[in-house]
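Analysis of the macromolecular model
One letter stands for each residue in the lines below.
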Amino acid sequence: MADEQRSTSFQRLSSADSTVSTGSDDSYEYYQTDIYEQLPSTLTKRRWQQVEQTYEVGSCEYDLLPPSIDRDPHQPLNMLPLCMQEKRNLRDRRHQERLRIGFWASWRQSQQIARRRLREQVGRFFSGLLPWKHTLHKIEGRFGVGVKAYFVFLRYLICLNLLNCAIITGFVLVPSLYHKSWEDYKSDNKSILHIFLGSGFLEGSPLFYGFYQKIPLFFHTGMGTILFLSLIMIVRRMVVGYKHMWLMGKHFSLNVSYKVFYGWDFCIQDPQAASLEHSFIRNELKMDLEEQRFRQKVSERSMKQWACLYFLRGILNFVVVVLLCGSFTLIYYAIISAEKKESFHWTVKLLMNYLPPITITVVNFLLPHVFSRISMFEDYFLTTQLNLTLVRSIFLKLGTLAIYIIFITIQNNTCAENEFGKEMYKLTIFQLLACFCNTFLIVYLKRLLAEKYPSSKLARMIGIQEFVIPLNVLDLVYSQTVTWVGVFYCPLLPGISTIKLLAIFYMKKFTVMRCCVPAQRLFRTSSSAVLFHFMLLLGLIMSFVTIGVNSIRSDAGCGPLGNDTMYSVMDKFVKTLPISAQTTISYITSEAFIFALILAEIIILTSFVSHGRANRKTIERLKDMLVMCSSDKRYLVKQHSTWLRQRYRSSETEALGK
């Protein structure tokens, strides 16, 4: 009877606190076999457990938790991978620790907890202010996370341009309007043609660089704030995305059983939301199966197949280079033709002024589709195909824009900055017109043709369009690059871009929800999201280079600097400073300071690289722990099944004996 009444201790993987339980003779016979010592994780981690020490609080003793479980005493209990009983024990332990420390330490801990909760509440508040959350969730359920990533990226650019508009209004527009009256920029030369060309009454308006003549300090401060703030925001988002991609690994995916049994949100009550959640889980499983199928196909390739594949990829890359060179040559001749000054009708004149933007838009519209077809023959995985198409197309778009900028820069005009701003303004306007025509005159008509005459040969040949993510993302990157390049010479361009992006958002939403079908092949957005922001960073660097080169020239009396250059004005400003400030600036721009700065950067980067390697080892160890936990579960299920079979056989034997 004493054996029947005694309690049994159960040990878990992350804690040695015992749980009292009572049961039958069979349960005691099963649990008393010391199954904990036979777990795969226990056999693997016995070396670590030998050096484990005991932490004593009051009169109770607690074993140390595994590494990284309770490293942060301020981490919420609901974020720890522990069972309810262990969380209660940990809560009691933290309470005992707070009783042992002093008043000020306890007060600091309570303040840290209050600040953490405040940050969480503020984060939830601002996340609730984000627009189109329901729309994005609906798009994700029908078309997958890739299409949703495009719209999230578009929303981010809208918010970025709104922030730029606020900075320009505070630093540039308001001070300029304060120093000028309405008569200074009032003009009777008004025409619809001037709206498209940026000429006439718009030349003397706040739209262009020549209007801001009395506020050099405010103007350059505002422009510098916009560019550097954009640089910080993009680098931050790119680093966060890269950290997430690096943490997950190259081929990381959640277990299929986890998605099937734990992926459902049981708080859903709306049937439409349930359907969207069902579609989302199905799309995730389709991506997993597609990845596994492709990896199996790659592993079965022979040496001859690899050689033929590399030869084919080399030929296709040569074709891509030829297409890029041909497109650059075509844009060159279009710019030369547009420079011819001849008397035409106003419609022909309008077309000739828009000939370079039209050529650039047509080339940027057609060649990415060709690149997408070429990547299909290279036999990469879908995500790699999309990223490769993105890389090739971004070189195309930035290259065509760079050629256009070079030809605009070398022109000798009365106010070259105003002319530069006009060209960027025309590129922005024409991109909006091109998006409108593509949505309602091409995509929508194709959809109507497929719906009205589904059995016709033309409708079957055209087919129903899918939403091509790389090409649409490239259009956004190109648009934002034009905005950054032209913001210095067309300060109101971020406001125009905000209106344009809002219109593009609703046109693309109409395209996706009304005219497109879900893609047959889906891809993950972890690496592509990093690539999106890297392409934005390239566009921002391009704007820095353009502004730096143009700043060498003088304003010809039509800008904030008068007839001086930016460097000459900065040199005059430095000479007006005190001697100590001049000496400090001279040392900062000297070779000695640059050498010390480079040395400090090398030391900092070395420390970060070492820290990254240590984190990489920790991540691999945690992944191994997850694998061992899965092994423990399989082992326990196997042992439990064996015990059930033995119990069933013993019961049958007893029944036959009776």
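Counting starts from 1 at the beginning of each chain's written sequence and moves along it residue by residue. Local features in this predicted model are restricted to residues of pLDDT 70 or higher, and side-chain atom pairs are both shown and tallied only at a pLDDT of 80 or more, whereas totals for entire chains, interfaces and linings draw on every residue. Side-chain measures here rest on the full set of heavy atoms in the structure, leaving out hydrogens and waters.

Moving on: the overall build of the chain. Runs of E in the DSSP output that reach at least two residues are strands. Runs of H or I that reach at least four are helices, and both are numbered from the N terminus. Secondary structure summary: the chain contains 24 helices and two strands in total. Within the chain, the proportion of its 658 residues that are buried is 36%. Sequence separation of 24 or more characterises 74% of the internal contacts of the chain that already satisfy a separation of 6 or more. Total accessible area on the chain is roughly 39,300 Å²; 63% of this is exposed by carbon and sulfur atoms. Residue burial is assigned from relative accessible area. The probe radius is 1.4 Å, only protein chains are included, and a residue is buried under 20% of its type maximum, exposed over 50%, and partly exposed in between. Residues are treated as being in contact if the distance between any of their heavy atoms lies within 4.5 Å. To measure how exposed things are, a 1.4 Å probe is used in the Shrake-Rupley method; for residues, cover is taken only from the protein chains shown.

A fitted line through C-alpha atoms represents every axis, and for helices the fit uses only the stretch in contact; the resulting angles, taken between N-to-C directions, go from 0 to 180 degrees. Running from N to C, helix α17 (residues 416-452) and helix α19 (residues 469-486) cross one another at 155°; their axes reach a closest spacing of 9 Å. With respect to α19, the axis of α17 lies roughly antiparallel. Relative to α19, α17 is oriented so that their crossing is left-handed. Between α17 and α19, the contacting residues are Phe420, Met424, Leu427, Thr428 and Gln431 on the first element and Asp475, Tyr478, Ser479, Val482, Val485 and Gly486 on the second. Orientation categories follow fixed angle ranges, with anything under 35 degrees roughly parallel, anything over 145 roughly antiparallel, 65 to 115 roughly perpendicular, and all other angles oblique. Throughout, a crossing is termed right-handed when the near helix is turned clockwise from the far one, and left-handed when it is turned anticlockwise from it by less than a right angle.

Each patch is assembled from residues with relative accessible area greater than 30% and no salt bridge, linking like charges that lie within 9 Å and nonpolar side chains (Val, Leu, Ile, Met, Phe, Trp, Tyr) that lie within 5 Å. In the sections that follow, a salt bridge refers to a side-chain nitrogen of Lys or Arg positioned within 4 Å of a carboxyl oxygen of Asp or Glu. On the surface, a cluster of nonpolar side chains totalling about 520 Å² of accessible area is made up of Leu118, Val122, Phe125, Phe126 and Leu129. For Leu129, the location among the structural elements is in helix α6 (residues 103-129).

As a further point, take the pattern of salt bridges. All chains considered together, the criterion is met by eight salt bridges. Where Arg301 meets Asp379, a salt bridge forms, and the shortest distance between an N and an O atom there is 2.5 Å. One end of the pair, Arg301, is in the loop between α12 (271-299) and α13 (303-338); the other, Asp379, is in the loop between α15 (355-377) and α16 (382-409), and 78 residues separate them in sequence. For Arg514, the salt bridge is made with Glu451, and the minimal N-O distance between the two is 2.8 Å. With Arg514 in helix α20 (residues 493-515) and Glu451 in helix α17, this pair connects stretches of sequence that are 63 residues apart. A residue is classified by how much of its surface remains accessible, and Arg514, at 28% relative accessible area, is partly exposed. A single salt-bridge network, built from bridges that share partners, covers Lys297, Arg301 and Asp379.

A separate point is the packing of α17 against α20. Where α17 meets α20, the closest approach of the two axes is 11 Å, and the angle between their N-to-C directions is 10°. With respect to α20, the axis of α17 lies roughly parallel. Residues were grouped as follows: Ala, Val, Leu, Ile, Met, Phe, Trp, Tyr, Cys and Pro as nonpolar; Asp, Glu, Lys and Arg as charged; and all remaining residues, including Gly, as polar. Across the contact of α17 with α20, the residue classes break down as 17 nonpolar, six polar and five charged.

Within the element layout of this structure, Ile547 appears in helix α21 (residues 526-550). The exposure class of Ile547 is buried, given its relative accessible area of 10%. Expressed as a C-alpha distance, the spacing of Ile547 and Gly486, which sit 61 residues apart in the sequence, is 8.9 Å. Excluding its chain neighbours within four sequence positions, the residues that come into contact with Ile547 are Leu227, Trp484, Phe488 and Tyr489.

Here the focus is the packing of aromatic side chains. The relation between two aromatic rings is expressed through the spacing of the ring centres and the mutual angle of the planes. For Phe, Tyr and Trp, where Trp contributes only its six-membered ring, two rings pair if their centres lie within 6.5 Å, and the inter-plane angle classes them as stacked under 30 degrees, edge-to-face over 60, or tilted in between. On inspection of all chains with the given rule, the structure shows 25 aromatic pairs. A centroid spacing of 4.0 Å and a plane angle of 20° characterise the contact between Trp132 and Phe505, whose relative ring orientation is stacked. Of this pair, Trp132 sits in the loop between α6 and α7 (133-143) while Phe505 sits in helix α20, and the two are 373 residues apart along the sequence. Considered together, Trp132 and Phe505 belong to a single accessibility category, that of buried residues. With centroids separated by 5.3 Å and ring planes inclined at 55°, the aromatic side chains of Tyr332 and Phe407 adopt a geometry described as tilted. Taken as a pair, Tyr332 in helix α13 and Phe407 in helix α16 lie far apart in primary sequence, 75 residues in all. Under the relative-accessibility criterion, Tyr332 is labelled partly exposed at 36%. What makes Phe407 buried here is its relative accessible area of 16%. These aromatic residues form a ring-pair network of at least three members: Tyr209, Phe211, Tyr212, Phe219, Phe420, Phe488 and Tyr489. Note on criteria: charge over ring means Lys NZ or Arg CZ within 6 Å of the ring centre, with the direction from the centre no more than 35 degrees off the ring normal. When the ring centre of Tyr156 is taken as reference, the NZ or CZ atom of Arg237 above it lies at 4.0 Å.

Turning next to unusual backbone geometry. Positioned with a positive phi, Trp132 is a non-glycine residue whose angle comes to about 60°. Located in the positive-phi region is Asp379, a residue other than glycine, with phi close to 60°.

So, on to α16. A helix is expected to span 1.5 Å multiplied by its residue count minus one. Taking 1.5 Å as the rise per residue, α16 with 28 residues should run 40 Å; its terminal C-alpha atoms sit 40 Å apart, in good agreement. Summarising burial for α16: 22 of the 28 residues are buried, a large majority.

The subject of this paragraph is the environment of Ile552. Topologically, Ile552 is positioned in the loop between α21 and α22 (566-575). According to the relative accessible area criterion, Ile552 is exposed, its value standing at 53%. Along the backbone, Ile552 and Ser568 are 16 residues apart, and their C-alpha atoms lie at a distance of 9.0 Å.

This part covers the confidence of the model for the chain. Across the chain, the average pLDDT comes to 76, with 77% of residues at or above 70. Every residue in residues 47-70 scores below 50 in pLDDT, and together they form 43 contacts with partners more than four places removed in sequence or on other chains. On a scale of 0 to 100, pLDDT captures the predictor's confidence in every residue.

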